Amino acid sequence: MSEKITGSEILIRALIDQGVDTVFGYPGGTIMPVYDRLYDFTDRIRHYLARHEQGAIHAAEGFARASGKPGVVIATSGPGAMNLTTGLNDALMDSTPIVAITGQVQSALLGKDAFQESDVVSVMLPVTKWAIQVRRPEDIAPAVARAFYIASSGRPGPVVIDIAKDAQTNMAEYKFEPCTFIRSYDPDPEIPEQVLSEAAAILNEAKRPMILAGHGITIAKAEEELISLAEKADIPVGCTMLGLSSIPSGHPLNKGLLGMHGNLGPNINTNKADVILAVGMRFDDRVTGDTSKYAPSAKIIHIDIDASEFDKTVKSNLHIHASAKTALSKLLPLIEPQKRSEWVDSFSQHEEVESERVMKREIEASTPDGKMLMGEVVNKVSEAFGHDAILVTDVGQNQLFSVRYFKFKSPRSCISSGGLGTMGFGLPAAIGAKIGVPYRNVVLFVGDGGLQMTIEELGMIMEYNVNVKIVLLNNNFLGNVRQWQHLFFNSRYSATPMVNPDFKTLASAYGIAAEDVPHRDNLDEAISRMVAHDGAFLLNVNIDEEDMVFPMTPGGHGVDEILLNSKEYYKPV
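Residues numbered from 1 in each chain as written. Predicted model: local features only at pLDDT ≥ 70, side-chain atom pairs only at ≥ 80, totals over all residues. Heavy atoms only, no water.

K.L.:
Before we move on, could you go through the pairing of strand β5 (residues 98–104) and cite the residues and values that matter?
P.N.:
Counting buried positions over the seven residues of β5 gives seven, a clear majority of the element. The two faces of β5 match: I98, A100, T102 and Q104 on one face and V99, I101 and G103 on the other face are all buried. Bridging between strand β4 (residues 71–75) and β5 involves five bridges; their strand directions are parallel. Each bridged residue has a counterpart across the sheet, and for V73 the counterpart in β5 is A100. (Buried < 20%, exposed > 50% of the residue type's maximum accessible area, 1.4 Å probe, protein only. Helix = DSSP H or I, 4+ residues; strand = E, 2+ residues; numbered from the N terminus. Pairing = 2+ DSSP bridges.)

Next comes the structure, spelled out in structure tokens:
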């Protein structure tokens, strides 16, 4: 008979057998037995203590997005577990594999409003792929195996294992078997040959095809297949925000960002395309604008691992239910080599207008008081890192400017909160990303509002010497809300101006090098010092509060109804 061990040790051993070597978390009463056993396994699993459970799960998200491995987070019951819900919802929206382990009160106390009891499973079900409560130690290892399988397979997402305290302390034999099958769950569906043939025929006959590259390409590691197909058939590519690093920024077929603050060319030509191949994207409203005006002339082929996305927002002519890698690799041999020079060149006129009317103004800024514009700062930082750092953003104008002006050479280099738009995501996610891929440079762009939502995680940087470069685009406003107030609410800046602390002093209190950049004349040298510094660095940049991100498709408008500035719509010739 095998030796019996506690449920807590079963959990730790199951995590190790699952390949876990990094966890983020915050201890508390009902998860204390797990932390007690973790003390004996520090040579196998490194635990990173966040300063708040929301910080822990966003760090786990950043780790997962950068490394491609599931992020693991541990929290106690009650408020600890509830503080994970924002991150779980964020991970669900952005298809990020997360395994969250929460403590729970003793089984005998369940349903009795015991101290720090909360109905974790009921709360978590709407924001996870799967949630389970475990009340017996012998059920812990199977729950772990199943959790990792569900979190990582098909369309990835977050799962929760809620473990009663007595299940952590009671004894059982340890036996671990990886989960590779769940009845009625098919994460890797077969593609009918007829569907592939139909898709290839549509693409081969197209005169003006476009590929819309989504986050699913990064998730499936299908970057090579995407580029091969685009090059073989000479098809221009537009990227969703989370799909941006799936094709190098400098690739001649990469036509840029789609959607509300995207580039003119892909947005205008979406409505001129005769075929759209949408890969691993869900036709988010920020990409489509008014769907009644979206791609009116196009036959749409939609590739997605999640069948529930088909026809949810935009009706498609053909569905390919598969991962991006499987679908593109099987489609590629059926695609005829072609040259579509006239169609590809048609993007150039829009690129020239955007360069001259929008980007030049932003990058070659000349504000009289020396306050900087976000685009020029992002552009200079990207250049300083050779366009090959991992970009992490918070949410707001800092995010929108960053994804427009940062450039990418390598896959898995754009990490942002896409679907949920979670302010406070950026700092902990950047920490997790650097921990996940310590050999890559990680640079965070964040606003003064978002930074203060999770600023306590500077403590994680201090404790673990995490070399994250933080560029604070500080305009003393909730900038994106201010932009909307300016454009659509008669410049009534209700609750958006901010009185901020001395961020340099705050960073210094955490032992983090920091520098204020008050004037444009100081910017280049400050960036050079940040890049050269061996360790974390916070650059507090004085941003013009009137800076606004354009182009912009206002809500409720068609994707090709685009503001070049606060008053002028783009009217292509």
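Additional details are given in the paragraphs that follow.
K.L.:
Describe the sheet that holds strand β6 (residues 130–134), naming the residues involved and giving the relevant values.
P.N.:
Across the sheet, six strands lie side by side as β3-β2-β4-β5-β7-β6; this open sheet has parallel pairing. The sheet is open, and its two borders are formed by β3 (46–49) and β6, each paired with just one other strand. Across the sheet, the mean angle separating the axes of adjacent strands is 20° when strand polarity is ignored. Summarising the sheet, β6 and strand β7 (residues 158–164) pair through five bridges and their orientation is parallel. Residue pairing for β7: A131 is matched across the bridge by V160. Running over the sheet, helix α5 (residues 85–93) touches β5 and β7 and is turned about 145° from β7. (Axes fitted to C-alpha atoms, helices over the stretch in contact; angles between N-to-C directions. Contact = heavy atoms within 4.5 Å.)

K.L.:
Tell me what's going on with the layout of surface pockets, and back it up with residues and numbers.
P.N.:
By volume, the second largest pocket is sized at about 380 Å³. Considering the residues around the second largest pocket, the lining is formed by 18 residues, among which S249, K255, G256, N263 and K407 are closest to the centre. Of all the secondary-structure elements, those providing two or more residues to the lining of the second largest pocket are β11 (254–257), α12 (264–270), α16 (347–363) and α18 (397–405). For the lining of the second largest pocket, the class distribution of residues is seven nonpolar, six polar and five charged. Shared between two domains, the lining of the second largest pocket holds at least three residues of each, these being domain 2 (193–348) and domain 3 (366–542). (1 Å grid on protein atoms, 1.4 Å probe; cavity = no way out; pocket = protein on both sides within 12 Å on 5 of 7 lines; lining within 4 Å. Points joined across faces, edges and corners; volume = space filled by probe spheres on them. Nonpolar A, V, L, I, M, F, W, Y, C, P; charged D, E, K, R; others polar. Domains from an automatic or database assignment.)

K.L.:
Help me get a handle on the sheet that holds β11, residues and values and all.
P.N.:
Taken in spatial order, the six strands of this open sheet run β11-β10-β9-β12-β13-β14, and their pairing is parallel. Unpaired on one side and paired on the other, β11 and β14 (318–321) mark the two borders of the sheet. This sheet shows a mean twist of 20° between the axes of neighbouring strands, independent of strand direction. As judged from the two bridges shared by strand β10 (residues 237–239) and β11, these two strands associate in the parallel manner. Considered in β11, the bridge of C239 is made with L257.

K.L.:
An account of the domain arrangement of the chain is requested, with residue identities and associated values reported.
P.N.:
Under the domain assignment, the chain is made up of domain 1 (4–173), domain 2 (193–348) and domain 3 (366–542). Taking only C-alpha atoms, the centre of domain 1 and the centre of domain 2 are 37 Å apart. Counting residues at the interface gives seven residues for domain 1, matched by seven residues for domain 2. Summed over both partners, the interface of domain 1 with domain 2 comes to about 650 Å²; 57% of that surface belongs to carbon and sulfur atoms. Contact with domain 2 buries surface across domain 1, with R65, D94 and R155 losing the most and accounting together for 62% of the total. Here domain 1 is connected to domain 2 by two salt bridges. One salt bridge in this structure joins R155 and D306, with 2.8 Å as the shortest N-O distance. For the pair domain 1 and domain 2, the number of links is three residue pairs in polar contact (both at pLDDT 80 or more). Considered class by class, the residues forming the side of domain 1 that touches domain 2 number two nonpolar, two polar and three charged. (Buried area = accessible area lost by both parts, 1.4 Å probe. Salt bridge = Lys/Arg side-chain N within 4 Å of Asp/Glu carboxyl O. Polar contact = N/O pair within 3.5 Å; in protein donor to acceptor, adjacent residues only side chain to side chain.)

K.L.:
Account for the environment of M82, with residues named and values stated.
P.N.:
Within the secondary structure layout, M82 lies in helix α4 (residues 79–82). Overall, the relative accessible area of 25% leaves M82 in the partly exposed class. Residues M82 and T367, 285 residues apart in the sequence, show an inter-C-alpha distance of 45 Å. Sequence-distant contacts of M82, defined by excluding residues within four places in its chain, comprise S118, V120, V123 and M124.

K.L.:
Describe the pairing of β7, listing the residues and the values that go with them.
P.N.:
Counting buried residues along β7, seven of its seven residues qualify, which places the element largely inside the surrounding structure. Alternating positions in β7 separate into two faces, P158, V160, D162 and A164 on one and V159, I161 and I163 on the other, with burial throughout. Relative to β7, β5 runs parallel, the two sharing seven bridges. If you follow Q104 over to β7, its bridge partner there is A164. The parallel pair β6 and β7, bridged by helix α7 (residues 140–152), forms a crossover whose chirality is right-handed. (Right-handed = clockwise from strand over helix to strand, strands pointing away.)

K.L.:
Mind laying out empty space enclosed by the protein, listing which residues take part and the relevant values?
P.N.:
This structure, assessed with the given rule, holds one cavity of 30 Å³ or more. Around the largest cavity, the lining residues are R65, H215, T218, L242, S245, R412, S413, C414 and I415. Elements with a minimum of two residues in the lining of the largest cavity: α10 (215–220) and β16 (414–415). For the lining of the largest cavity, the residue count by class is three nonpolar, four polar and two charged. Taken domain by domain, the makeup of the lining of the largest cavity includes at least three residues from each of domain 2 (193–348) and domain 3 (366–542).

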